[in-house]
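The chain contents come next:
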Amino acid sequence: MKRVGKISRYLGQAWMAGVWLFLFGYFAFHAFQGDNSLAALKRLEVQQQELSALAEDVAAERAALEARTAKLANRTIDPDMLEEQVRLRLGFTHPDEVIVFIPATGR
């Protein structure tokens, strides 16, 4: 009977060690795999850097467009900017200019 008591005591201790090993393994696995893992964190950091660079490019493009738009404001119309836009959008030319059409290649 003493032997059965020792075995049951050891089984109780082994069961608790097994639970702790399972918990450790579970959290270790999910630390290296899955949506919230260390690898996912690295991917998110790279994505953040790419998006930050894209945001800087968009901000620079917006600033350039705002500067061009400011030149077309009613208060201070830049004559050169106005002429450029009229030629571009409406196709106007000066009477002394010659227009040469270049046919597009059929590729």
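Residues numbered from 1 in each chain as written. Predicted model: local features only at pLDDT ≥ 70, side-chain atom pairs only at ≥ 80, totals over all residues. Heavy atoms only, no water.

Asks: Can you explain the overall build of the protein? Please cite residues and give values.
Replies: When helices and strands are tallied, the protein shows three helices and zero strands. Reading the helices (α) and strands (β) of the protein from amino to carboxyl end gives α-α-α. By residue count, 5% of the 107 residues in the protein fall in the buried class. Surface exposure of the protein reaches about 10,400 Å², of which carbon and sulfur atoms provide 64%. (Helix = DSSP H or I, 4+ residues; strand = E, 2+ residues; numbered from the N terminus. Buried < 20%, exposed > 50% of the residue type's maximum accessible area, 1.4 Å probe, protein only. Areas by Shrake-Rupley, 256 points an atom, 1.4 Å probe, with all protein chains shown as cover.)

Asks: Describe the pattern of salt bridges, with residues and values.
Replies: Considering all chains together, one arrives at four salt bridges under this definition. Ionic pairing is found between Arg87 and Glu83, a salt bridge with its closest N-O pair at 3.1 Å. Taken together, the residues span about one helical turn, with Arg87 and Glu83 both in helix H3 (residues 79-90) at a distance of four residues. Several salt bridges converge on common partners, so that one network encompasses Glu83, Arg87 and Glu97. (Salt bridge = Lys/Arg side-chain N within 4 Å of Asp/Glu carboxyl O.)

Asks: Explain the confidence of the model for the protein to me, using residue names and the numbers behind them.
Replies: Taken as a whole, the protein shows an average pLDDT of 82; of its residues, 90% reach a score of 70 or greater. Across the protein, helix H2 (residues 38-71) holds the top mean pLDDT of 92, while helix H1 (residues 2-32) sits lowest at 79. (pLDDT = per-residue confidence, 0-100.)

Asks: Talk me through the packing of aromatic side chains; I want residue IDs and the actual numbers.
Replies: In the structure shown here, the tally under the stated rule is two aromatic pairs. For the pair Tyr26 and Phe27, a centre-to-centre distance of 5.3 Å together with 80° between the ring planes defines the contact as edge-to-face. Look at Tyr26 and you get partly exposed, because its relative accessible area is 40%. Of the aromatic side chains, those joined through ring pairs into one cluster are Phe22, Tyr26 and Phe27. (Phe/Tyr/Trp six-rings, centres within 6.5 Å; stacked < 30°, edge-to-face > 60°.)

Asks: I'd like a description of a nonpolar patch on the surface, backed by residues and values.
Replies: A cluster of nonpolar residues, Trp15, Met16, Val19, Trp20, Phe22, Leu23, Tyr26 and Phe27, forms a patch on the protein surface that exposes about 930 Å² of accessible area. On the basis of relative accessibility, which here comes to 34%, the residue Leu23 falls in the partly exposed class. (Patch = residues over 30% accessible without salt bridge, like charges linked within 9 Å, V, L, I, M, F, W, Y side chains within 5 Å.)

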